[in-house]
Amino acid sequence: MSQTNDERLRFLRRLRATKKFTAQPVGQDAIEEILEVGRWSGSGSNKQPWEVVVVRDPEIKAKFGEWGAQPAATAAVALLIVSTSEGAAFDEGRLAERLLLGAAAHGLGSTVCTIKGEGINAAKQLLGIPEERRAFTVVAIGHADVEARRARPPVAQPRKPMDQFAHWDRY
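Residues numbered from 1 in each chain as written. Predicted model: local features only at pLDDT ≥ 70, side-chain atom pairs only at ≥ 80, totals over all residues. Heavy atoms only, no water.

Draft legend 1. Structural detail: the overall build of the chain. When its secondary structure is counted, the chain shows 8 helices and 4 strands. Starting at the N terminus and walking to the C terminus, you meet the elements of the chain as α-α-β-α-α-β-α-β-α-β-α-α. In terms of overall dimensions, the chain is globule-like: its C-alpha atoms have a radius of gyration of 17 Å, near the 16 Å expected for 171 residues. Its C-alpha atoms put the chain at 45 × 40 × 40 Å along the principal axes. Among the 171 residues that make up the chain, the fraction classed as buried is 36%. The contacts in the chain between residues at least 6 apart in sequence include a share of 78% that link residues at least 24 apart. Accessible surface computed for the chain: about 11200 Å², of which carbon and sulfur atoms make up 53%. (Helix = DSSP H or I, 4+ residues; strand = E, 2+ residues; numbered from the N terminus. Rg over C-alpha atoms; globule rule 2.2 N^0.38 Å. Buried < 20%, exposed > 50% of the residue type's maximum accessible area, 1.4 Å probe, protein only. Contact = heavy atoms within 4.5 Å. Areas by Shrake-Rupley, 256 points an atom, 1.4 Å probe, with all protein chains shown as cover.)

Draft legend 2. Broad picture of the sheet that holds strand β4 (residues 134-142). The strand order across the open sheet formed by 4 strands is β1-β2-β4-β3, and the pairing between neighbours is antiparallel. With partners counted over all chains shown, the strands left at the sheet margins are β1 (50-55) and β3 (109-114), one partner each. Adjacent strand axes in the sheet meet at a mean angle of 25°, parallel and antiparallel pairs treated alike. Here strand β2 (residues 77-83) runs beside β4; their pairing, made up of 7 bridges, is antiparallel. Bridging across to β4, Ile-81 finds its partner in Thr-137. (Pairing = 2+ DSSP bridges. Axes fitted to C-alpha atoms, helices over the stretch in contact; angles between N-to-C directions.)

Draft legend 3. Seen up close, helix α6 (residues 119-127). Buried within α6 we find Gly-119, Ala-123 and Lys-124. Taken end-on, α6 shows its buried residues confined to a sector of 135°, consistent with a single buried face. Looking at the buried residues of α6, the elements they touch are α3 (58-66) and β4. Once α6 ends, the next one or two residues include Gly-128, with phi positive near 75°. (Arc of directions from axis to C-beta.)

Draft legend 4. Representation of the pattern of salt bridges. Enumeration over the complete set of coordinates arrives at 6 salt bridges. The closest approach of N and O atoms between Glu-66 and Lys-63, which form a salt bridge, is 4.0 Å. With Glu-66 and Lys-63 both in helix α3 and 3 residues apart, this pair spans about one turn of that helix. (Salt bridge = Lys/Arg side-chain N within 4 Å of Asp/Glu carboxyl O.)

What follows is the structure, given as structure tokens:
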């Protein structure tokens, strides 16, 4: 069954950050399929300047939360993106977005969060990541806590109207 353009665009527009997750685990097959989507992300000159550390250990995810990546603490899985250089930041963002889309395709919630401050080096040491690698972007994935989402106040800032977002031919 093929999707219409409208269905594909609606899927892309509905991607929202999930900050709270239930305790329900995410299956190994889903994790591997999400990683496969990420593996096919584009990168400059196809250098693929990244690797991913899949973290399911609750103690390590709790540490991520203590180090600033709070959503990772309750997520079923946290994917820590490890890049080869500072210059890989743009490609790292492309990878993170693809992982989010892969999670959404499985009906899962997800968000991007970052490890901060001293937590960056602590996480690298804890996970055996080489010192010269960049590692602080985390994609937290799990089943969305619907009750927590309902309890949140409504979004204060709606999307900009198109005429304030896009400029045609000139600014």
